[in-house]
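Summary of the model geometry
Here is what each chain is made of, one letter per residue.
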Amino acid sequence: MTSQRTRDRLVSRLRAEGIRNEAVLDVIRNTPRHLFVDEALASRAYEDTALPIGYNQTISQPYVVAAMTNLVVSGKPSKVLEIGTGSGYQAAILAPLVDKVYTVERIEPLAVQARQRFRKLGLRNIRASYSDGTEGLPDFAPYDAIITTAATEKIPEALLEQLSPKGGRLVIPVGGRDRQTLTLVTRNGDSYEQEQLDSVIFVPLLTGQV
Ligand code: SAH
């Protein structure tokens, strides 16, 4: 159930659902998603569905990961910040496609576990921090792209500020608890352009650390 064939089937499905970026599909094919969930769920890791990762959080659905990754990498970013490390899967998908991934998580055990996974998989260009992502990660700003994998009613000011003024892209689910709109914000100088994309469902972006 975690074989290459099972992974290939997931990639075929994503392609059929409209994901056309071959580089993104290749990384999904080569990334062992079953190592990002509990062993008891490993047999379901290549279904196109979100799965629980403990602490009331979820690993995102592969289709959503693929679509968001596509939005991020089409801006040809070098430095990317992810808010909401969770299992670490989204960061692991971004890592081979960009120079450097910064990822932050507010739940300490998740941050620790994700770091172990990155080490095990030899993903050396990911820097994982245990911190509150509503403040971004000012030490390494600006970022060519910021991807937020938790939902918010109001885009945190810090994320807008830490976006590169030269075409920086922010991908973020905006809306209430039940449903949100995936939003792409593009910054040029002091101008921020917003595009509303798909309807999505994410766990909420919360403040503080636990
Ligand atoms: N990208 C993850 C999806 C995780 S779900 C993956 O690939 O598995 C969203 C994650 O965002 C949760 O782990 C949650 O704890 C985290 N989160 C929510 N608010 C946050 C905040 N303010 N700062 C950092 N992480 C946050």
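What you see is a predicted model, and the numbers here were worked out from it, not measured in a lab. (Residues numbered from 1 in each chain as written. Predicted model: local features only at pLDDT ≥ 70, side-chain atom pairs only at ≥ 80, totals over all residues. Heavy atoms only, no water.)

Throughout the structure, instances matching the rule amount to 6 salt bridges. A salt bridge links Arg-29 to Asp-8, with the nearest nitrogen and oxygen atoms 3.4 Å apart. Within this pair, whereas Arg-29 is found in helix H2 (residues 22-30), its partner Asp-8 is found in helix H1 (residues 4-16), the two being separated by 21 residues in sequence. You can call Arg-29 partly exposed: its relative accessible area is 21%. Each of the salt bridges in this network shares a partner with another, and the network as a whole consists of Asp-8, Asp-26 and Arg-29. (Salt bridge = Lys/Arg side-chain N within 4 Å of Asp/Glu carboxyl O. Helix = DSSP H or I, 4+ residues; strand = E, 2+ residues; numbered from the N terminus. Buried < 20%, exposed > 50% of the residue type's maximum accessible area, 1.4 Å probe, protein only.)

Its volume calculated, the largest pocket comes out at about 560 Å³. Along its surface, the largest pocket is lined by 36 residues, and Thr-58, Thr-149, Ala-150, Phe-202 and Val-203 are the ones closest to its centre. Going through the elements one at a time, strand E2 (57-59), helix H3 (62-73), strand E3 (79-83), helix H4 (89-94), strand E4 (100-105) and strand E9 (191-200) are the ones with two or more residues in the lining of the largest pocket. The dominant element in the lining of the largest pocket, judged by the number of residues it contributes, is E2, at 3 residues. Across the lining of the largest pocket, the residue classes tally to 18 nonpolar, 13 polar and 5 charged. (1 Å grid on protein atoms, 1.4 Å probe; cavity = no way out; pocket = protein on both sides within 12 Å on 5 of 7 lines; lining within 4 Å. Points joined across faces, edges and corners; volume = space filled by probe spheres on them. Nonpolar A, V, L, I, M, F, W, Y, C, P; charged D, E, K, R; others polar.)

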